[in-house]
Amino acid sequence: MIMLRPSSLLVLLMLASLAALCTGCTDTYKVNAAPLQQWPAHQQIQGKLTLRITEELGGYKYDKENMGSHEVYPFGPALASNSETMARQVFTDVTVVKGSTQASGLVLTPQVKATELTMSPWALEESDMTMDVQWTLTNANGEILWAKTVRGVGRHIRGGVFTYKQEATRRADKLLKDLFTGSLTTISEAAEVRRAVEGK
């Protein structure tokens with residue numbers, strides 16, 4: 001039979017009480033909305049393109065349920081700002097439309113397909129957050145010319161009781177950087193996209 005010291009038993013009771021109090025709670029974590037400033041070297045695509053920021057993308061939140069409580073990551077503003085900044089890095093002439101606003105010509109639309117968070121039980125071990133975003137290029141008739149899903153990975157330590165939220169924000173920052181630098185490379189190197197936009 002395992003005997004617990006009084007101090008250890010007190011800690012366990014405190015943790016159990018905190019877990020009970022937090023059941024059903026919702027915690028919102030900060031996601032930095034400012035777009036990336038540094039991008040990989042690439043060859044720009046010469047031509048006009050419309051980027052569509054849907055309401056779904058601009059308002060996207062990831063809700064992670066954990067023992068009855070919810071951890072909410074409001075990614076929408078960061079996805080919208082980084083999508084626009086990245087598009088202007090790749091293409092020489094970009095028009096941005098939001099929601100269901102009518103657009104003419106070639107349209108590039110990002111859509112979140114999946115987000116996952118796998119947490120380590122230990123504070124100093126790395127935990128992973130992933131996000132899959134599909135980029136779809138359509139013509140004036142709405143026909144799909146090209147589509148590709150890019151996965152971003154944010155790997156960072158879990159953090160302790162007092163640093164958990166800060167580390168979660170750093171993990172989200174890493175995910176966004178990986179997602180959008182990977183998206184820039186994928187789109188700028190896609191021969192189908194270059195041919196469609198440059199008309200070659």
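Rules of the game
- Residues numbered from 1 in each chain as written.
- Predicted model: local features only at pLDDT ≥ 70, side-chain atom pairs only at ≥ 80, totals over all residues.
- Heavy atoms only, no water.
- Helix = DSSP H or I, 4+ residues; strand = E, 2+ residues; numbered from the N terminus.
- Contact = heavy atoms within 4.5 Å.
- Areas by Shrake-Rupley, 256 points an atom, 1.4 Å probe, with all protein chains shown as cover.
- Phe/Tyr/Trp six-rings, centres within 6.5 Å; stacked < 30°, edge-to-face > 60°.
- Buried < 20%, exposed > 50% of the residue type's maximum accessible area, 1.4 Å probe, protein only.
- Pairing = 2+ DSSP bridges.
- Expected span 1.5 Å × (residues − 1).
- pLDDT = per-residue confidence, 0-100.
- Salt bridge = Lys/Arg side-chain N within 4 Å of Asp/Glu carboxyl O.

(A) Region of the structure containing the overall build of the chain. From N to C terminus, the chain includes five helices and eight strands. If you take every contact in the chain between residues at least 6 apart in sequence, the share linking residues at least 24 apart comes to 71%. In the form shown here, the chain has an accessible surface area of approximately 11600 Å², with 54% of it arising from carbon and sulfur atoms.

(B) Inspection of the packing of aromatic side chains at higher detail. Counted by the stated rule, this structure contains four aromatic pairs. Both rings, one in Tyr62 and one in Tyr73, keep their centres 6.2 Å apart while their planes meet at 35°; by these two values the pair is tilted. With Tyr62 in strand 3 (residues 62-66) and Tyr73 in strand 4 (residues 69-73), the pair connects residues that are eleven residues apart, well separated along the chain. Consider the rings of Tyr73 and Phe75, whose centres lie 6.3 Å apart with planes at 20°: the pair is stacked. Assigned by exposure class, Tyr73 and Phe75 land together as buried. A network of ring pairs unites the aromatic residues Tyr29, Tyr62, Tyr73 and Phe75 as a single cluster.

(C) View of the pairing of strand 7 (residues 126-138). Among the 13 residues of strand 7, ten are classified as buried, and the element is accordingly described as predominantly covered. Inspection of the sheet shows strand 6 (residues 107-118) paired to strand 7 by eleven bridges, in the antiparallel sense. Bridge pairing in strand 7 links Gln111 to Gln134.

(D) Local environment of helix 3 (residues 76-90). The first and last C-alpha atoms of helix 3 sit 21 Å apart over 15 residues, in line with the 21 Å expected at 1.5 Å per residue. Among the residues making up helix 3, those that are buried are Gly76, Ala78, Leu79, Ala80, Ser81, Asn82, Ser83, Met86, Ala87 and Val90.

(E) Structural detail: the confidence of the model for the chain. When the pLDDT values of the chain are averaged, the result is 87; 81% of them are 70 or greater. Every residue in residues 10-21 is under pLDDT 50, and counting partners more than four places away or in other chains gives one contact.

(F) Representation of the pattern of salt bridges. Inspection of the entire model under this criterion finds six salt bridges. When the shortest N-O distance is used, the salt bridge between Arg170 and Glu167 registers 3.1 Å. With Arg170 and Glu167 both in helix 4 (residues 164-188), this residue pair falls three residues apart, about one helical turn. Accessibility expressed as a relative area gives 41% for Arg170, which makes it partly exposed. Residue classification places Glu167 among the buried residues on the basis of a relative accessible area of 10%. Across the pair Glu198 and Arg194 runs a salt bridge whose closest N-O atoms are separated by 3.3 Å. On the criterion of helical spacing, the pair formed by Glu198 and Arg194 is a turn pair, its members being four residues apart in helix 5 (residues 191-198). When its relative accessible area of 18% is taken as the criterion, Arg194 is described as buried.

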